[in-house]
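# Fold and geometry: a report
If you want the building blocks of each chain, they are given just below.
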Amino acid sequence: MLITYNGPTGDPIENPSINFLKDIIFNKAADYWAKGSGDSGIEIEGLDETLIFFYDEPYGFFIMRHPDYLVPYDESAEIRVVEHKVGGEPMRVPSCCYVSRERAYETISEFVTTKSIPSNVNWTDIYDIEFDHGFE
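Residues numbered from 1 in each chain as written. Predicted model: local features only at pLDDT ≥ 70, side-chain atom pairs only at ≥ 80, totals over all residues. Heavy atoms only, no water.

## What about the pattern of salt bridges?
What counts is decided by this rule: Note on definitions: salt bridges are taken to be side-chain nitrogens of Lys or Arg within 4 Å of carboxyl oxygens of Asp or Glu. Buried means the residue's accessible area, taken with a 1.4 Å probe over protein chains only, is under 20% of the maximum for its type, while exposed means over 50%, and partly exposed covers the values in between.
With the rule as written, the count across this model stands at 4 salt bridges. Between Glu 83 and Arg 92 there is a salt bridge, and its shortest N-O distance comes to 3.5 Å. Among the residues examined, Glu 83 registers a relative accessible area of 40% and is labelled partly exposed. Judged by its relative accessible area of 16%, Arg 92 is buried. Salt-bridge contacts for Arg 103 lead to Glu 106; the nearest nitrogen and oxygen are separated by 3.0 Å.

This is how it looks when you write it as structure tokens:
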């Protein structure tokens, strides 16, 4: 089963190792996530969903299940609107959907190793969260 990592600057990596993913998550600064497309993704052959993710300082990692727009959601967190450029366009996301580097690694590595969406995450449709999600 082919696993592909697509980073912000292109150059797909086939069957990335867990150590490669760990390096991306723990060692890449916010400037890495501002290059190229502005986001990364993990695709697994045979699965309909992809995990799209990027990092914003000081909030952490934003992870989204595509094409369903499901995101981790911390109901108790204060909501601020964070703007991140994806494909050169501003994407507004609520701060309550960001997770720590550790949590991002757990979620992404579980997706890669089990080849299924982690069930221990509070996944919520991003459009069900009250915030300004429009594009400028």
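## Some words on the pairing of strand E2 (residues 10–14)
As a reminder, the rule being used: A run of H or I in DSSP counts as a helix once it spans at least four residues, and a run of E counts as a strand once it spans at least two, with each numbered from the N terminus. DSSP bridges decide pairing: two strands pair if at least two such bridges lie between them.
By the criterion of burial, E2 is predominantly exposed, with just 0 of the 5 residues buried. As judged from the 3 bridges shared by strand E1 (residues 3–7) and E2, these two strands associate in the antiparallel manner. From the neighbouring strand, Gly 7 faces E2, where its bridge partner is Gly 10.

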